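Architecture and fold: a report
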Amino acid sequence: VAHEAWPRAWPWRCQAAKQMVFYFTCSDPRYVIYMGRDKHENEHLIAYGWPEDLWFHVDSHSSAHVYLRLPKGETIDDVPDEIVQECSQLCKA
């Protein structure tokens, strides 16, 4: 699967689970969200995430790891509140 926000390779399949990591297109199609289903996929997200990815996780509780891939040239200050809400809701799911 190709997406313009992903110019570099991504480990689409987790080696331990042999399953794909969940990914979503937000209400704003410029952003893509990646989410681990379990601790194995979460570990792969941590290992292969980019420094500019935004990471969402519920503090002090078990929750999904959710990564927001920013479009090229954007920073955390450019992310609309609606996108932050979508990522936050996935953490709680």
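In this report, we go over the structure that sits alongside the text. (Residues numbered from 1 in each chain as written. Predicted model: local features only at pLDDT ≥ 70, side-chain atom pairs only at ≥ 80, totals over all residues. Heavy atoms only, no water.)

Moving on to the overall build of the protein chain. Within the protein chain, the regular secondary structure consists of two helices and four strands. Ordered by position in the sequence, the α and β elements of the protein chain form the string β-β-α-β-β-α. A total of 93 residues make up the protein chain; the buried ones form 39% of that total. Sequence-distant contacts in the protein chain: of pairs separated by 6 or more residues, those separated by 24 or more amount to 51%. (Helix = DSSP H or I, 4+ residues; strand = E, 2+ residues; numbered from the N terminus. Buried < 20%, exposed > 50% of the residue type's maximum accessible area, 1.4 Å probe, protein only. Contact = heavy atoms within 4.5 Å.)

Another point: the nonpolar core. Nonpolar side chains tend to gather and get buried jointly when the protein is soluble and globular. Grouped together as the largest cluster of nonpolar side chains are 15 residues, with contacts concentrated most on Tyr31, Ile33, Phe56, Val66, Leu68 and Val79. Of all the secondary-structure elements, those providing two or more residues to this core are β2 (32-35), β3 (54-56), β4 (66-69) and α2 (81-92). Among the elements that make up this core, the one with the highest residue count is α2 (four residues). Ignoring sequence-local partners within four residues, the contact set of Leu68 consists of Cys26, Tyr31, Val32, Ile33, Asp53, Leu54, Phe56, Val79, Ile83 and Cys87. (Core = buried A, V, L, I, M, F, W, Y, C linked by side-chain atoms within 4.5 Å.)

For the rest of this paragraph, the subject is the sheet that holds strand β1 (residues 22-25). Spatial ordering of the open sheet is given by β1-β2-β4-β3, a layout of four strands whose pairing is antiparallel. Each edge of the open sheet carries a strand with a single partner, namely β1 and β3. Put simply, the sheet's adjacent strands are angled 25° from each other on average, direction ignored. Across four bridges, β2 lies against β4 in antiparallel orientation. The partner of Met35 across the bridge, within β4, is Val66. Across the sheet, helix α1 (residues 39-48) touches β1, β2 and β4, and the angle it forms with β2 is around 130°. Packing of α2 onto the sheet brings it into contact with β1, β2, β3 and β4, and relative to β4 it is tilted by some 155°. (Pairing = 2+ DSSP bridges. Axes fitted to C-alpha atoms, helices over the stretch in contact; angles between N-to-C directions.)

Along α1, the residues that are buried comprise Glu41, Asn42, His44 and Leu45. Angularly, the buried residues of α1 cover 160° about the axis, an arc narrow enough to put them on a single face. Residues Lys39, Glu43 and Ala47 are exposed on α1 and point more than 90 degrees away from its buried face. Buried-residue contacts for α1 involve β1, β2 and β4. (Arc of directions from axis to C-beta.)

A separate point is the packing of aromatic side chains. One pass over the structure, following the stated rule, counts zero aromatic pairs. Its guanidinium or amino end placed over the ring of Trp50, Arg69 lies 3.3 Å from that ring's centre, counting from NZ or CZ. (Phe/Tyr/Trp six-rings, centres within 6.5 Å; stacked < 30°, edge-to-face > 60°. Lys NZ or Arg CZ within 6 Å of the ring centre and 35° of its normal.)

Mapped onto the elements of the fold, Ser88 is located in helix α2. Residues Ser88 and Val58, spaced 30 residues apart in sequence, show a C-alpha to C-alpha distance of 8.4 Å.

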